[in-house]
Amino acid sequence: MKTAAQFDQFYTEQLKQKIDEFEARRVAITTRFSFKKYGRNLLWLLVIAVTLIISSNIFPQLPEQVAFIIPVIVLYAIAAPIYILVKRSSAFSPIKAEYKGTVVKGIVEFVHAELSYQPSEGISFEDFNMSGLFDRPSGYQSEDLVAGKIDDIALKLSDVKATRRTK
């Protein structure tokens, strides 16, 4: 078994720089597709709309079509967060895969040389059912498999999402 000091040394020498790079990339994506910018833009659109509506009541020479800015604001309020979420998700996908392939895999291999990590695999449905942890799931998904042998004991760990729908 590795000690905390050994892990600290491993972290400092092999993981810290990679994790810092991943964090910088995460911050750049979060900044680029920002909900703060969305909130500010929405606030400014509302201020402009209220100003135009009030101005159209005070100055009759302004066209009545000013009221059409309201559907534009509603469309922006609905579409922009969806766009931000989709763009963030697509930008984070390769980073997440790379993180799992370097950082998580490195930690698993550090813990024990005979353990392996497969991010896209998981515990089979049959193995999960044999565990008796969950009675007849209607939905099953598994990923991030850690498998191997430690002291002649077979080991399988995985993220599992098991759901059951009832009528």
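In what follows, the structure referred to is the one given above.
Summary of the structure given here. (Residues numbered from 1 in each chain as written. Predicted model: local features only at pLDDT ≥ 70, side-chain atom pairs only at ≥ 80, totals over all residues. Heavy atoms only, no water.)

1. Digging into the packing of helix α2 (residues 35-58) against helix α3 (residues 69-111)
- Relative orientation of the contacting elements α2 and α3 amounts to 175°, with a least axis distance of 10 Å. Judged by the angle between their axes, α2 and α3 are roughly antiparallel. Contacts between α2 and α3 pair Phe35, Tyr38, Asn41, Leu42, Leu45, Leu46, Ile48, Ala49, Leu52 and Ile53 from the former with Ile69, Ile70, Ile73, Tyr76, Ala77, Ala80, Pro81, Ile84, Leu85 and Arg88 from the latter.
- Here the residues of the contact of α2 with α3 are counted per class, giving 18 nonpolar, 1 polar and 1 charged. (Axes fitted to C-alpha atoms, helices over the stretch in contact; angles between N-to-C directions. Helix = DSSP H or I, 4+ residues; strand = E, 2+ residues; numbered from the N terminus. Parallel < 35°, antiparallel > 145°, perpendicular 65-115°, else oblique. Contact = heavy atoms within 4.5 Å. Nonpolar A, V, L, I, M, F, W, Y, C, P; charged D, E, K, R; others polar.)

2. A look at the sheet that holds strand β2 (residues 139-150)
- If you trace the 3 strands from one edge of the open sheet to the other, you get β1-β2-β3, paired in antiparallel fashion. Each having just a single partner strand, β1 (115-118) and β3 (153-163) make up the two edges of the open sheet. Across the sheet, the axes of successive neighbouring strands diverge by a mean angle of 20°, strand direction being ignored.
- As judged from the 4 bridges shared by β1 and β2, these two strands associate in the antiparallel manner. Bridge assignment links Tyr117 to a residue of β2, and that residue is Val146.
- Running at roughly 160° to β1, α3 makes contact with β1 and β2 of the sheet. (Pairing = 2+ DSSP bridges.)

3. Overview of the environment of Pro94
- For Pro94, the location among the structural elements is in helix α3.
- Here the alpha-carbon distance between Pro94 and Glu23, two residues 71 residues apart in the chain, equals 14 Å.

4. Observations concerning the packing of aromatic side chains
- Tallied over the full model, the rule gives 7 aromatic pairs.
- Pairing Phe10 with Phe110 gives two aromatic rings, centres 4.5 Å apart and planes at 15°, and the pair type is stacked. Separated by 100 residues along the polypeptide, Phe10 in helix α1 (residues 4-32) and Phe110 in helix α3 bring together distant segments of the chain.
- Exposure remark for Phe110: the relative accessible area of 12% places this residue in the buried category.
- Three or more aromatic residues link up through ring pairs in this structure, and these residues are Phe7, Phe10 and Phe110. (Phe/Tyr/Trp six-rings, centres within 6.5 Å; stacked < 30°, edge-to-face > 60°. Buried < 20%, exposed > 50% of the residue type's maximum accessible area, 1.4 Å probe, protein only.)

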